Amino acid sequence: MRNIKAVFWKQIRDTLKNKTILIQFVMFPFMAFVMEQAVVMEEMPDHFFVNLFSSMYVGMAPLIVMSAILAEEKEDCTLKVLLMSDVKPIEYLTGTGGYVWSACMLGSCVLGLVGGYQGREFAAFLGIMAGGIAASLFVGAAIGTWSKNQMMATSIGVPVMMLFSFLPMLSMFNETVHKIAGIFYSEQVRILIDQMGQHGMEMKSFVVIFLNMAAALCCFVLAYRKCGLS
Amino acid sequence: MIKLTDVVQCFGEHEVLRGVSLQIRKGEIFGLLGPSGAGKTTLIKIVTGQLKPSAGQVMVNGKNAADLNGSMYLRMGIMMDSYGLYGRLSCYDNLRLFAKIYGTAEGKIDEVLKKVGLLEAKKCPAGKLSKGMRGRLALARAVMNEPEILFLDEPTSGLDPAATKQIHELLLAEQEKNTTIFLTTHNMAEAEKLCSHVALLNEGTIVEYGEPKEICRKYNHQNQLQIRLYDGRYLELKNDCRAVGTLQTYLEQGMIETIHSTEPNLETVFMELTGKGLV
Ligand SMILES: Nc1ncnc2c1ncn2[C@@H]1O[C@H](COP(=O)(O)OP(=O)(O)OP(=O)(O)O)[C@@H](O)[C@H]1O
Ligand SMILES: [Mg+2]
């Protein structure tokens, strides 16, 4: 527990000085805020931007940040030093993952507030985000574990991130994309948030998110078996 | 304390270590010398369990190095040539992270920073330090939890003489506390000054082992006069009566710029054994 806390603490200190990661955390909440204030159109559904950006946030931030942190620590050999100081791999992953998850949840709170969600809706919104962020986190951890350095993490992470974060947006305009996108957690997050206010949520979406999470976890385990953390 | 038996390490076709056997006693400073690419870093990696040797056995504190685990690592301080520092965190925060992990009192941080001469730079991000300063920070981290064994890969490379002296004092103070120190170096003078035993590693084998003084005595046969002339020529003469004639001529002509006898030191021994200098 002490080690998990230490890793968590280190990550907070580091993020404050790491602009790339900081931007990942605040970009979508900030953009949602600006757009909701600035763009007012007649036929636009309620919370249009918040809902769209929330699903993009889920697909992008945890995945990119988690893979970037892991890959950078490998590249700089800092992870090796940690592991040789009696920090267990599981402690390291819990500390780092827990940190990224918490930071993204903080961003989600901002998104929820910008969207004007209240009471049970706000709680449901956060619950959906929590699941999506966790799934995204596992994907990021798998990519970071697989990569030897930051270059590799970026070149694998960016296409995967594009897939997860832009499909929900494209699926609103194209029926074919809509069908395919349905198998991914980020699209289901968007659907769930959309349905939240109206006619209740479908079990199917939760199942898809859960399956995504399980698949990502499998990828991570495979990557870990092959490369370990060093 | 540390015992290596016939350690072999191959990277693909390339055989880097070809049967290295060594023994290091508790409380001594052991120096591993060798030219660049000799396999010094590789050997440290094997002894610290970061690399599994292709063949041979390594025992550290009675345990096989390959299965070193957490509690053993807590009693070891390791400084590798890739320092493994968090570039954006300050010196202080870099150490604070490990103080949290080791459960060391945070008051200790300033103390070790002072010992390595980085107290003024404690707020500076590690990534902005010079190479020598980063090395000292990595060293500070290695000694912070008062380890029983210290592994140091080139602890003084890139340091000026004053900082080198400071590090030497720190290492000798550690030895006072009965810490075993395993270091690699290119610096012969350093090895002579610090180490109770040294091993010369060349092309994957130990070509000489012993106390520095003893090794020098053993190779005293070189015994030459080295003369540099004003016209740029450089001569090496055997230090005996046969040199008299030549010397007299040059002396009479006033051509001698410098003249030295070779007191053998580890450097010359090394040159002789390997046919090449240390880089
Ligand atoms: N992971 C690796 N894969 C393949 N070859 C390697 C690997 N690590 C080291 N080598 C090779 O092993 C040899 C010895 O390397 P090592 O880093 O141990 O030398 P060294 O004595 O520490 O040199 P230096 O004084 O420059 O630090 C080199 O020829 C290097 O190319
Ligand atoms: Mg080396």
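Residues numbered from 1 in each chain as written. Chains lettered and ligands numbered in written order. Predicted model: local features only at pLDDT ≥ 70, side-chain atom pairs only at ≥ 80, totals over all residues. Heavy atoms only, no water.

**Student:** Give me the lowdown on the overall build of chain A, citing residues and values where you can.
**Tutor:** On a plain count of helices and strands, chain A comes out with 10 helices and zero strands. When the helices and strands of chain A are read in sequence order from the N terminus, they spell out α-α-α-α-α-α-α-α-α-α. Taking 17 Å as the expected radius of gyration for a compact globule of 230 residues, we find that chain A reaches 18 Å, a close match to that expectation. Summarising its shape, the C-alpha atoms of chain A cover approximately 60 × 35 × 30 Å along the three principal directions. The proportion of buried residues among the 230 residues of chain A is 53%. Of the contacts formed within chain A by residues at least 6 apart in sequence, a portion of 73% connects residues at least 24 apart. (Helix = DSSP H or I, 4+ residues; strand = E, 2+ residues; numbered from the N terminus. Rg over C-alpha atoms; globule rule 2.2 N^0.38 Å. Buried < 20%, exposed > 50% of the residue type's maximum accessible area, 1.4 Å probe, protein only. Contact = heavy atoms within 4.5 Å.)

**Student:** Account for the site of ligand 1, with residues named and values stated.
**Tutor:** Residues and elements named next belong to chain B. Not every one of the 13 residues close to ligand 1 is listed here, only the nearest: Ser 36, Gly 37, Lys 40, Thr 41 and Thr 42. In this structure, an oxygen atom belonging to ligand 1 sits 2.9 Å away from a main-chain N or O atom of Gly 39. Within the side chain of Thr 41, a nitrogen or oxygen atom sits 2.5 Å from an oxygen atom of ligand 1. The protein chains hide 61% of the 640 Å² of surface that ligand 1 would expose on its own. At the level of secondary structure, the elements contributing two or more residues to the shell around ligand 1 comprise strand E2 (14-24) and helix H1 (40-47). Take the shell around ligand 1: its biggest share by element is three residues, from H1. (Near = heavy atom within 4 Å. Polar contact = N/O pair within 3.5 Å; in protein donor to acceptor, adjacent residues only side chain to side chain. Areas by Shrake-Rupley, 256 points an atom, 1.4 Å probe, with all protein chains shown as cover.)

**Student:** Tell me about the domain arrangement of chain B, residues and numbers included.
**Tutor:** Assigned domains of chain B: these are domain 1 (1-75 + 147-220 + 265-279), domain 2 (83-144) and domain 3 (223-262). In this structure, domain 1 of chain B and domain 3 of chain B have C-alpha centres spaced 37 Å apart. (Domains from an automatic or database assignment.)

**Student:** Outline empty space enclosed by the protein, supporting the account with residue identities and numerical values.
**Tutor:** Following the criterion strictly, the structure yields one cavity of 30 Å³ or more and no others. Here the largest cavity is characterised by a volume of approximately 160 Å³. Lining of the largest cavity is provided by 16 residues; of these, A:Val81, A:Met84, A:Ser85, B:Ile78 and B:Arg141 occupy positions nearest its centre. Sorting the residues of the lining of the largest cavity by element identifies helix H4 (78-83) of chain A together with strand E6 (76-79) and helix H5 (131-144) of chain B as the ones contributing at least two each. Per-element tally for the lining of the largest cavity: the top contributor is E6(B), with four residues. Tallied by class, the residues present in the lining of the largest cavity amount to 11 nonpolar, three polar and two charged. (1 Å grid on protein atoms, 1.4 Å probe; cavity = no way out; pocket = protein on both sides within 12 Å on 5 of 7 lines; lining within 4 Å. Points joined across faces, edges and corners; volume = space filled by probe spheres on them. Nonpolar A, V, L, I, M, F, W, Y, C, P; charged D, E, K, R; others polar.)

**Student:** Could you give an account of the confidence of the model for chain B, with specific residues and numbers?
**Tutor:** Looking at chain B, pLDDT values average 88 and 97% of them are 70 or higher. For this predicted complex, the interface confidence comes out at an ipTM of 0.87, alongside a pTM of 0.86. (pLDDT = per-residue confidence, 0-100.)

**Student:** For the pairing of strand E11 (residues 224-229) of chain B, give the residues involved together with the corresponding values.
**Tutor:** Residue and element names in this part refer to chain B. Across five bridges, E11 lies against strand E12 (residues 234-238) in antiparallel orientation. Residue pairing for E12: Ile 227 is matched across the bridge by Leu 235. Counted between consecutive antiparallel strands, the loop separating E11 from E12 contains four residues, among which Gly 232 sits at a positive phi close to 95°. Of the strand pairs in this sheet, E11 and strand E13 (residues 256-261) are connected by five bridges, and their pairing is antiparallel. Bridge pairing in E13 places Ile 227 opposite Ile 259. (Pairing = 2+ DSSP bridges.)

**Student:** Requested: an account of the packing of aromatic side chains, with residues and values cited.
**Tutor:** Evaluation of the coordinates by the stated rule reveals 13 aromatic pairs over all chains. Seen in terms of ring centroids, A:Phe48 and A:Phe49 are 5.2 Å apart; in terms of plane orientation they differ by 80°. Their pairing is edge-to-face. Taking 4.8 Å as the distance between ring centres and 45° as the angle between the ring planes, the aromatic pair formed by A:Phe164 and A:Tyr185 counts as tilted. You can see A:Phe164 sitting in helix H7 (residues 150-170) and its partner A:Tyr185 sitting in helix H9 (residues 185-197), a full 21 residues away along the chain. Classification of A:Tyr185 by relative accessible area gives buried; the value is 1%. It is A:Lys226 that lies over the ring of A:Trp146; its NZ or CZ is 4.8 Å from the centre. Across from the ring centre of A:Trp9, 4.6 Å away, lies the NZ or CZ of B:Lys100, which sits over that ring. (Phe/Tyr/Trp six-rings, centres within 6.5 Å; stacked < 30°, edge-to-face > 60°. Lys NZ or Arg CZ within 6 Å of the ring centre and 35° of its normal.)

**Student:** Give me the lowdown on the sheet that holds strand E1 (residues 2-11) of chain B, citing residues and values where you can.
**Tutor:** All names here are of chain B. The strand order across the open sheet built from four strands is E2-E1-E4-E5, with neighbouring strands paired in antiparallel fashion. Across the chains shown, the open sheet's two edge strands, defined by having one partner strand only, are E2 and strand E5 (63-64). Strands E1, E2 and strand E4 (55-60) of the sheet are contacted by H1, whose axis makes an angle of about 120° with E1. (Axes fitted to C-alpha atoms, helices over the stretch in contact; angles between N-to-C directions.)

**Student:** If you had to explain the sheet that holds strand E7 (residues 149-153) of chain B to someone new, which residues and values would you point to?
**Tutor:** Residue and element names in this part refer to chain B. Spatial ordering of the open sheet is given by E6-E7-E8-E3-E9-E10, a layout of six strands whose pairing is mixed. Bordering the open sheet on either side are E6 and strand E10 (205-210), each of which pairs with just one other strand. Neighbour-to-neighbour, the strand axes of this sheet turn through a mean angle of 15°, independent of strand direction. The sheet contact formed by strand E3 (residues 29-33) and strand E8 (residues 180-185) spans five bridges and is parallel. Within E8, the position partnered with Ile 29 by the bridge is Ile 181. Packed onto the sheet, H1 meets E3, E7, E8 and strand E9 (197-202) and runs at close to 155° relative to E8. In the packing of H5 onto the sheet, the strands contacted are E6 and E7, and the crossing angle to E6 comes to about 170°.

**Student:** Lay out the pattern of salt bridges with the relevant residues and their values.
**Tutor:** Counting across every chain of the model gives 18 salt bridges over all chains. Here B:Arg96 ties to B:Asp93 by a salt bridge, and the two come within 3.8 Å at their closest N and O atoms. Residue B:Arg96 and its partner B:Asp93 are both found in helix H3 (residues 91-102); the two are separated by three residues, about one turn of the helix. Overall, the relative accessible area of 3% leaves B:Asp93 in the buried class. A salt bridge links B:Asp231 to B:Arg233, with the nearest nitrogen and oxygen atoms 3.1 Å apart. By relative accessible area, which is 45% here, B:Asp231 ends up partly exposed. The class of B:Arg233 is partly exposed, set by a relative accessible area of 41%. Here the residues in one salt-bridge network are A:Arg13, B:Asp93, B:Arg96 and B:Glu106, joined through shared partners. (Salt bridge = Lys/Arg side-chain N within 4 Å of Asp/Glu carboxyl O.)

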